[in-house]
Amino acid sequence: MAEDLNKEMEMLCIKSVEIFMEKVTKMIPRVKLRDYTMQSFGCVPMTYLGSQAECIHGLNSDTDIMYECQTVKVVHKLEQGLDALPYGYDAVVIQDSTGTHEGYTKLKLFDIQREKAFAEINVSSLCIDGFLSIGLVSKFWKDRLARRDLFPSHGMQTSLHQHGPCITFKYSGMENRLDTDIDSVFTLQCDWPEQAREWFTRQRNSNWPNQELKQKIKTIGCHLVPIGHTLSLQRDIEWRISFNKPERELVWSFNGTQFACVDFMKIFFHVKISPNFPDLFSSYFIKTVMFWMVEDSEPDLWKPENLCRCLEELLGRIIICVGRKEIRHFFIPSNNIIDTKSSDGLDALLTELIQFQKLGHGKWKPIMKARIDERDENDIYFYHVKINALSTVRHYIINLLSTSNNEKFGMYLAHINHSIKQAIGQKLSNDIWEIFQVEIETIQRLHEYLQTDKSFDDTDMEQTDKQPPYNKSGTYAQLTNWLEGEKKCCFRSGRLELATWYLYQGRYVEARQVVDELLSNYNNTIVHYTFHNRDKKPKDEDYDIKFPRPSFEETLQKYIMFDVVFLPVLKAVYPKTIQTVIENTRSVLFISPMFYSNLVKFHSFKDEGSTEAAAEIASQLMASAKDDQNETILKLALACNAMV
């Protein structure tokens, strides 16, 4: 019997590691994709970090984003500051660790750039007695976020508040269903600190990290975060040395067993420990102990069938650390990262952990089974991470085209096309970029058409029976063929661009045929994705599992609807109610494909004089808007009702 139980646990270990690693291999490219989108397309020096970006978020985790200031130069010594001052800096500051806790430093203002006409940051105003002030920097960062120009304006930022060194807010797309907080932190980049030099040369039992990874981490460097040590008398001017980016690289180098081990331990603490000891033992402490364990242990330990053994070993190491009231920082071992925690609290935690340790391997079984049950069997789940990434990238990048100025629009469009080509050249999620590239080309063709059409007057329109002329360049014919072509319809809501075009042409029956076909095919298998969200959780029984599995593009065509996008610069092509809302908001609109389908029907009936049919559709739109509880949708529904 005992042998059978051991065999069952071994199989659970192997299966849960396999499934967890399958998920991680999808999630890491998504994080890289988001980083690239913000940095290359948005030209914002931000990086996703923390548990979610590392793909070891346990059951729950906020989104952490680090802003890397480009205009304040940090140097270790005065000579370093004089030798290579960068062009365009706002200020140079010098690190001063005198009297600070291990792992912390102060930043003294050395020089302010006087040749620049405009400073991005007035660094001298953020100083107290010549040192950068934590309070003043935090206020500056909060005010900077409140301007809402770092993230796409179409979203929601509310309740900006301080959370440790971070400013926390909620950001959401049109549906406003995002419950996760975003923790954003302002940082200064610096070279590898003297306090952490030993990390590159210390003796290890394993070959982890290997030389290539160590070199990469050295190149990445580290960052300074505006928060002082809790026990320091200088904490108002102390900055913590942060290794978030190196830590992300270390976690990403884990094998499946190591990934699963730290993730399952986080789940264990979240469910069994943290409710009784809130804010005492953070997930960062678990990760740090895990780093030491991987560095110290033999590689043969980390096999899927050994997962229970690895979890017990990790728990044992945590118990030793809590008993000693010491966890050494992985990069700066002289820094005890739990030295601010209550001694009585750690004693109580130790007692509880020892009790759980006595329960044996069986305590990990529910966690493993829960992870196994999450396996993505149907097509939607299998491609969910990619679909979610495409939805997020699409939302972020299209927001860059929110201008109504044709010259600026052309510049932004050229920048986007260049960045897409670079991403494809780097082989960064090529299938996502190639699909999104089609939508960008459609936007570009529409814009070119509107610009070309300006050379024709009203007499040209009359001669072609209210249809735009077939001009010499063939722009109209080319655009029509493009919109009607199968390659344009890479996802279902792409058909609505064709319906919009027919409506603009006055081809009302054809416009209704497109939306009626779309509406008639809408069923339980169709999933509507908006920014960060989907409207249902697909069930396996709703889908035909086909092997070999359909391609990513085939899945998009068959199962997925994204929001329909409307840009200010293309306003002339859109229905009148859309034009009105764009004029009032001056921003990109993201509208549910189901709502917009009926909006097209309303305008087609109204414009051809079928008032009764238009009024009936207007009533349906109003009912839908009340259910949706979205301000933009409600404005459109009210505008339709006013027209009838």
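Residues numbered from 1 in each chain as written. Predicted model: local features only at pLDDT ≥ 70, side-chain atom pairs only at ≥ 80, totals over all residues. Heavy atoms only, no water.

**As for the environment of Ile-560**
- By secondary structure assignment, the location of Ile-560 is in strand S15 (residues 560–562).
- By relative accessible area, which is 0% here, Ile-560 ends up buried. (Helix = DSSP H or I, 4+ residues; strand = E, 2+ residues; numbered from the N terminus. Buried < 20%, exposed > 50% of the residue type's maximum accessible area, 1.4 Å probe, protein only.)

**Some points on the sheet that holds strand S13 (residues 527–530)**
- Ordered in space as S14-S13-S15, the 3 strands form an open sheet in which the pairing is mixed. The open sheet has two edge strands, strand S14 (533–534) and S15, and neither has a second partner.
- In the packing of helix H20 (residues 552–559) onto the sheet, contacts are made with S13 and S15, and the angle to S15 comes to roughly 75°. (Pairing = 2+ DSSP bridges. Contact = heavy atoms within 4.5 Å. Axes fitted to C-alpha atoms, helices over the stretch in contact; angles between N-to-C directions.)

**Observations regarding the nonpolar core**
- Residues Trp-433 and Leu-567 are the most contacted members of the largest nonpolar core, which totals 193 residues.
- The greatest single-element share of this core, amounting to 14 residues, is contributed by helix H1 (residues 2–41).
- Leu-49, Met-66, Cys-166 and Val-185 belong to the second largest nonpolar core, which has 5 residues in total. (Core = buried A, V, L, I, M, F, W, Y, C linked by side-chain atoms within 4.5 Å.)

**A word on unusual backbone geometry**
- In this model, Trp-208 is joined to Pro-209 through a cis peptide bond whose omega is -5°.
- The phi torsion at Cys-43 lies on the positive side, around 55°, for a residue other than glycine.
- Mapped onto the fold, Cys-43 is located in the loop between H1 and strand S1 (46–49).
- Judged by relative accessible area, Cys-43 falls into the exposed class, the value being 56%.
- Non-glycine residue Asp-279 carries a positive phi angle of around 65°.
- Tracing the backbone through its elements, the reader meets Asp-279 in the loop between helix H7 (256–273) and helix H8 (283–296).

**Focus on the confidence of the model for the protein**
- Per-residue confidence for the protein gives a mean pLDDT of 86; residues scoring 70 or more make up 88%.
- By mean pLDDT, the top-scoring element of the protein is helix H9 (residues 307–324) (97), and the lowest-scoring one is helix H16 (residues 458–463) (40).
- This stretch, residues 173–178, has a pLDDT under 50; its non-local contacts, to residues over four places away or in other chains, come to 23 contacts.
- The model gives residues 455–473 a pLDDT under 50, and that stretch makes 25 contacts with residues more than four places away or in other chains. (pLDDT = per-residue confidence, 0-100.)

**Looking at the pattern of salt bridges**
- Summed over the entire model, instances satisfying the criterion amount to 28 salt bridges.
- Of the charged contacts, one joins Glu-439 and Arg-394 as a salt bridge, the two residues approaching to 2.7 Å between their closest N and O atoms. Of the two residues, Glu-439 is situated in helix H15 (residues 430–453) and Arg-394 in helix H13 (residues 384–399); the sequence distance between them amounts to 45 residues. For the residue pair Glu-439 and Arg-394, the accessibility class agrees, reading buried in each case.
- The salt bridge involving Lys-536 is made with Asp-535; its shortest N-O contact spans 3.7 Å.
- You can call Lys-536 partly exposed: its relative accessible area is 22%.
- When salt bridges with common partners are traced through the structure, they connect Glu-198, Arg-202, Arg-204 and Glu-295 into a single cluster. (Salt bridge = Lys/Arg side-chain N within 4 Å of Asp/Glu carboxyl O.)

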